[in-house]
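# Structural description and commentary
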Amino acid sequence: MKAAKLNHAHPSKMEARYIDEVRKMTPQQRFEKFMAIIELSYMLKKAKKIVK
């Protein structure tokens, strides 16, 4: 599969690329990616809201 420069494509192509990427990962890499998503989610939840 051709590597995309940006993460903008048809949803079916994006899903296929994501599935292919995950299959190539080790269980440790999957866990680290999952934890990074959780950490980012927590940071966004706790971030101060800017009101103009």
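The text that follows walks through the structure, step by step, so that each part is easy to find. Because the structure is predicted, anything quoted here is derived from the model rather than measured. (Residues numbered from 1 in each chain as written. Predicted model: local features only at pLDDT ≥ 70, side-chain atom pairs only at ≥ 80, totals over all residues. Heavy atoms only, no water.)

Counting its regular elements, the chain contains two helices and zero strands. For the chain, the exposed surface amounts to about 5500 Å²; the carbon and sulfur share of it is 63%. (Helix = DSSP H or I, 4+ residues; strand = E, 2+ residues; numbered from the N terminus. Areas by Shrake-Rupley, 256 points an atom, 1.4 Å probe, with all protein chains shown as cover.)

Where charged atoms of side chains with opposite charge meet at close range, the side chains can pair. Within the structure shown, the criterion is met by two salt bridges. Residue D20 is joined to K24 by a salt bridge in which the shortest nitrogen-to-oxygen separation is 3.5 Å. The residue E21 makes a salt bridge to K33 at a minimum N-O spacing of 2.7 Å. Pair noted here: E21 is in helix 1 (residues 11-23) and K33 is in helix 2 (residues 27-46), with a separation of twelve residues, a long-range link. The partly exposed category is assigned to E21, whose relative accessible area is 32%. (Salt bridge = Lys/Arg side-chain N within 4 Å of Asp/Glu carboxyl O. Buried < 20%, exposed > 50% of the residue type's maximum accessible area, 1.4 Å probe, protein only.)

Now for a nonpolar patch on the surface. Among the surface-exposed residues, F31, F34, M35 and I38 lie close enough to one another that they form a single nonpolar patch of about 380 Å² accessible area. Note on placement: M35 falls in helix 2. Overall, the relative accessible area of 31% leaves M35 in the partly exposed class. (Patch = residues over 30% accessible without salt bridge, like charges linked within 9 Å, V, L, I, M, F, W, Y side chains within 5 Å.)

Everything listed here is a matter of coordinates, which is why it stays silent on function.
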